Structures are given as structure tokens and as C-alpha cells.
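Structural overview
Each chain, letter by letter, is given below.
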Amino acid sequence: MSDYNWFRLDNAAKIYPVIQTERWSPIFRMTAIMKEPVSRELLQRALDSLSERFPSFYVRIRTGMFWYYLERLSAAPRVEDDVINPCGAMTKGEPLFRVRCHENRISLEMHHVVTDGTGGLTFFKTLLAQYLRMAGHDIPCDRGVLDPTDRPDDEELEDAFMRFSEMKILPPRMEQRAYKIRGTRLPMDFMRITTGTMRASEVHAAAKRHGATVTEFLTALLLQCVYKIQLADGHPQRPVKVSVPVNLRRYYGTRTLRNFSQYLNPGIDPQYGEFTFEEILSQVHHYMRLMYTEKNLNARISKNVADEKNVVLRFVPLFVKNAAIFFEWSRIGENLFSTTLSNMGVVDMPDELAQHIERMDFALHTARRNKCECAVLTFGDTMSLSFSSTISERYLERLFFTALVKNSIHVLVESNEL
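Here's what I pulled together on the structure shown here. Since we're looking at a predicted model, the values are computed, not measured.

Here is what the cut-offs are and how they apply
Within any chain, residue numbers begin from 1 and follow the written order of that chain's sequence. For a predicted model such as this one, the threshold for reporting local features is a pLDDT of at least 70, and the threshold for listing and counting side-chain atom pairs is 80 or more; totals across whole chains, interfaces and linings nevertheless cover every residue. For side-chain calculations, the full set of non-hydrogen atoms in the structure is used, while hydrogens and water are omitted. The working definition used for a salt bridge is a side-chain nitrogen of Lys or Arg within 4 Å of a carboxyl oxygen of Asp or Glu. Secondary structure elements are taken from DSSP: a helix is a run of H or I of four residues or more, a strand is a run of E of two residues or more, and numbering for both begins at the N terminus. To sort residues, take the accessible area from a 1.4 Å probe on protein chains only and compare it with the maximum for the residue type: under 20% means buried, over 50% means exposed, and anything in between is partly exposed. The pairing criterion for strands is at least two bridges between them, as found by DSSP. To get an axis, fit a line to the C-alpha atoms, keeping to the stretch in contact for a helix; angles then go from 0 to 180 degrees between the N-to-C directions. Residue count minus one, scaled by 1.5 Å, sets the expected span of a helix. What the arc covers is the set of directions going from the helix axis to the C-beta atoms. When checking whether two residues touch, look at their non-hydrogen atoms; a contact exists if any pair is within 4.5 Å. When two rings of Phe, Tyr or Trp (its six-membered ring) have centres within 6.5 Å they constitute a pair, described as stacked for plane angles under 30 degrees, edge-to-face for angles over 60, and tilted for the intermediate range. When the NZ atom of lysine or the CZ atom of arginine is within 6 Å of a ring's centre and also within 35 degrees of its normal, the charge is said to sit over that ring.

What the rule picks out here adds up to 31 salt bridges. The partner of Asp82 in a salt bridge is Arg105, and the shortest N-O contact between them spans 2.9 Å. In this pair, Asp82 sits in the loop between β5 (80-81) and β6 (97-102) while Arg105 sits in strand β7 (residues 105-111), placing the two residues 23 residues apart along the sequence. Residue class for Arg105 comes out partly exposed when judged on its relative accessible area of 25%. The shortest N-O distance in the salt bridge between Arg98 and Glu109 comes to 2.9 Å. Of the two residues, Arg98 is situated in strand β6 and Glu109 in strand β7; the sequence distance between them amounts to eleven residues. Here Arg98 falls in the buried class, since its relative accessible area comes to 8%. Judged by its relative accessible area of 0%, Glu109 falls in the buried class. Ionic contacts of the salt-bridge type, sharing partners, join the residues Arg29, Glu80, Asp82, Arg98, Arg100, Arg105 and Glu109 into one network.

Rendered as C-alpha cells:
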């Protein structure tokens with residue numbers, strides 16, 4: 001066991017132990033389809049070997065008097081068989097990630113209290129590289145693959161929110177409540193994952209034709225689909241908004257492996273009239289250009305950090321904090337967006353590692369109250385776009401993939417639903 005026996009939760013993680021339940025945890029999943037069958041024994045050895053390199057990952061949630069904290073595990077989690085219904089809830093005493101395998105597939109399921117997508121991808125790439133080394137392949141430690149023999153740097157373990165928040169004038173959190181997609185809940189906590197794979201070059205070309213980035217283009221398509229669902233729904237017209245995670249490491253000089261993201265919520269308000277796709281894309285484009293700035297993002301993280309630094313709040317018993325945090329989450333939280341689009345972008349890794357991988361996927365568990373989420377990852381020229389849904393209706397997925405085809409993008413669709 002290393003010197004790191006416990007960790008404070010980072011600023012973004014503090015909400016998750018309060019809102020998770022026995023049936024739901026905030027989890028994301030990354031999958032690598034390997035070109036050869038996976039050896040479970042070698043994968044376990046690789047997982048065991050990384051516990052000292054990633055001490056803040058090999059943890060469980062514990063309850064203190066004033067805050068939750070993360071306690072180191074005495075041993076690495078065991079590699080599990082993959083399942084048809086992934087991203088099941090993790091209880092507060094369990095390890096906070098799972099590694100699963102089936103035939104030539106390796107999957108990582110990570111609790112969001114540990115890290116965000118960027119930190120999770122760093123861990124996953126390093127695990128895949130270490131597994132292949134144990135299988136006899138020479139994989140270098142560069143392009144996001146960490147050296148398993150190095151000691152963890154203090155910067156990798158820092159709560160970067162605390163270091164970089166600096167704004168004194170803090171913005172309000174409240175925005176207009178967004179439309180929620182309704183549907184018939186799937187039985188037995190089943191979560192359907194519908195994945196469309198396509199050529200990334202075709203998506204880039206479509207986005208370029210519209211004068212937008214890939215994330216702006218996909219966000220606008222998703223907004224248009226949810227907008228159409230609301231029009232068909234016949235309920236009072238609320239704003240339609242998509243929550244888009246933003247990696248703050250692009251603005252700040254930190255190599256933290258913990259959470260360091262913020263969320264922007266571009267959208268449209270149907271009360272202003274009907275919107276064409278071009279108008280929706282223009283709204284998204286200009287909103288992202290206006291809001292995706294260091295000063296605006298810093299104001300948002302400073303608001304959250306200011307609450308944590310409040311002297312009175314720091315010494316309030318945990319059960320009182322939990323009640324206050326849950327009330328605030330219920331009032332705002334998921335009310336501010338209709339769905340999520342998380343784009344991990346292009347996965348960068350050494351060629352020696354990439355040549356052993358056929359494809360990579362990325363999926364989110366649905367939010368606690370929102371029924372549908374969307375996650376995107378690009379590996380080589382293959383873009384994988386996965387919808388997670390806990391309702392039986394498939395109208396969002398069908399509308400979205402149809403919209404891609406209409407933009408000259410060929411899509412192959414598959415699902416875990418039998």
C-alpha cells in the first residue's frame with residue numbers, strides 16, 4: 001500500500017454520493033474491441049499492477065462526520081464477465097470501477113465520483129497497454145499512456161477546481177427549466193444502449209458543410225430531434241437544451257486525473273416560434289463561442305468552490321449538508337437540460353497500441369431523472385455514437401440516426417436489447 005490511503009472528494013464529485021441510490025449510480029463505460037481474444041488472467045495481472053500508479057482510482061466511498069471521502073482498497077477489483085445490462089449501480093462500500101471482458105472485448109465502467117471521461121480514458125489506455133505488454137508486446141508510454149512504474153505525481157491527484165477558481169463575482173445557477181423526454185420505463189432497471197458507428201470523415205464533412213465543429217453539428221441534430229419529440233408530445237412548450245461537458249484541462253495547466261469538467265447547456269426556446277435546423281445550429285454555434293471561454297467557465301467553477309469554502313458549511317454535520325445538497329439538486333440539477341451529449345473526441349494513443357484494437361465505444365448511464373443520454377468517441381476513422389435509454393420508446397435514436405443518413409452519413413446500428 002502506498003502513502004495515499006484516503007482522498008477528499010473533488011469539488012465536482014461531492015454531489016454524487018448524495019444523489020445516488022441503491023438502483024442508480026453515475027457511471028460511464030468505455031469499451032475496446034480487441035483484434036484477438038482476451039486473456040482474463042493477463043487482464044487481471046495488468047489490473048493488479050496499476051494500483052500504485054492510480055491510487056485515487058482503487059478506492060471506495062466512506063462516510064465521515066462532515067464529508068464523504070475515498071478510502072484505498074486493500075486489493076484490486078476482480079475482472080468480471082461482461083453483461084447484457086451494463087453500468088449497474090455501485091454501492092458505497094464497493095470498488096468504484098469495474099473491468100469486464102467477453103471474448104475479444106474489454107470494458108471499463110467508472111463511477112463519476114472518481115474521475116471524468118478524460119481521467120477514465122487515461123486509465124483505460126494505460127490498462128490496455130499494460131495488458132498487451134504482459135501478452136508480449138512492446139507498447140511505449142506516451143500519447144496518454146502512463147508509465148506503470150512511475151510514482152503518481154501530486155498534480156495528478158489534485159482537486160484542480162480548488163486551485164484554479166479565482167472569480168469573486170459569481171453567476172447564479174438557475175436557468176429556465178428544460179423539456180423532459182417522456183416514455184414507458186424499461187423493466188428491471190434495464191438500460192438499452194444503441195450504438196451507431198460511422199466514418200468520422202463523413203461526419204467532419206457534414207459539419208464543415210454547415211460551418212460548424214463536429215460537437216456543434218451533433219448537438220444541433222440532437223436538439224432538433226428532441227424539439228420534434230416535444231412538438232409531437234403536445235405538452236406546454238419548454239426550452240429544449242442539451243448538456244455538453246467541457247474539459248477544463250484545455251484552459252488550465254494541470255494533469256489531474258480527477259474530475260475537472262464543466263457543463264454548458266445550449267438550446268432553443270420553442271415559445272419564440274418554429275426553428276429550422278440552420279437556426280438551431282446557429283444558436284448552438286454562437287452560444288458555444290460566447291460561453292466556451294476561460295472567464296465564463298472560471299466563474300462557473302468558482303461558484304461551486306465558493307460554496308465548499310464557506311466556513312459555516314464546512315463544519316455542518318454531513319446529514320445536514322446532504323439535505324441541503326439534495327434540495328439544491330432537486331431544484332436545479334437535471335432540470336436545466338433535456339439530454340446530454342458527451343463527445344470524447346479522437347482517442348490519441350501510440351500506434352503500437354492502436355494496431356491491436358478494432359474499435360472503441362463510449363457510453364453514459366442515463367442521469368437519475370433524464371431518460372436518454374448520448375456519448376461519442378472517435379478511434380481512427382470510426383466514430384462511435386451511443387444512446388443510453390431507460391424507456392422502451394426508441395424515437396430519439398430513430399430520429400437522430402435518420403438525420404445523420406439525410407446528411408450523407410452512413411450508419412451501422414446495433415443494440416444490447418434482445
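Structure shown, so let's carry the discussion forward.
The strand order across the open sheet formed by three strands is β1-β4-β3, and the pairing between neighbours is antiparallel. Whereas interior strands pair on both sides, the edge strands pair on one side only; in this sheet they are β1 (6-8) and β3 (59-63). For this sheet, the mean angle separating the axes of adjacent strands, direction not counted, is 35°. Here β1 runs beside strand β4 (residues 68-72); their pairing, made up of three bridges, is antiparallel. Bridging across to β4, Phe7 finds its partner in Leu70.

The next point concerns helix α7 (residues 277-291). In this model α7 runs 21 Å from its N-terminal to its C-terminal C-alpha over 15 residues, within 8% of the 21 Å that 1.5 Å per residue would give. Turning to α7, its buried residues number three or more, namely Phe277, Ile280, Leu281, Val284, His285, Met288 and Met291. Buried residues of α7 fall within an arc of 155° about the axis and therefore sit on the same side. For α7, the exposed residues set more than 90 degrees away from the buried face come down to Glu278, His286 and Leu290. Close packing links the buried residues of α7 with α6 (214-233), β9 (240-247), β10 (261-264), β11 (267-268) and α8 (294-309).

Attention now moves to the packing of aromatic side chains. Under the defined criterion, the tally for this structure stands at 20 aromatic pairs. Judged by centre distance (5.0 Å) and plane angle (85°), the rings of Phe54 and Phe123 are edge-to-face. With Phe54 in the loop between α2 (40-49) and β3 and Phe123 in helix α3 (residues 117-134), this residue pair connects regions lying 69 residues apart in the sequence. Like Phe54, the residue Phe123 is buried in the burial classification. Ring-pair connections join several aromatic residues into one group, and the members of that group are Phe54, Phe57, Tyr58, Phe97 and Phe123. Taking NZ or CZ as reference, Arg53 lies 5.9 Å from the ring centre of Phe54, over its face.

Attention now moves to unusual backbone geometry. Phi is positive for Met188, close to 55°, though the residue is something other than glycine. For Met188, the location among the structural elements is in the loop between α4 (160-164) and β8 (192-199). For Met188, a relative accessible area of 80% puts it in the exposed group. One non-glycine residue with positive phi stands out, namely Asp189, at about 55°. Along the polypeptide, Asp189 turns up in the loop between α4 and β8.

Sheet architecture is open: five strands sit in the order β5-β6-β7-β2-β13, paired in mixed fashion. Single-partner strands in this sheet number two, and they are β5 and β13 (357-364). Two strands pair when backbone bridges link them, and strand β2 (residues 27-34) and β13 are joined in this way by seven bridges, in the antiparallel orientation. Residue Met30 lies in a different strand from β13, and its bridge partner there is Phe362. Contacting β5, β6 and β7, α2 crosses the sheet at an angle of about 160° to β6. Against the sheet, α3 contacts β2, β6, β7 and β13, and its axis sits at roughly 30° relative to β2.

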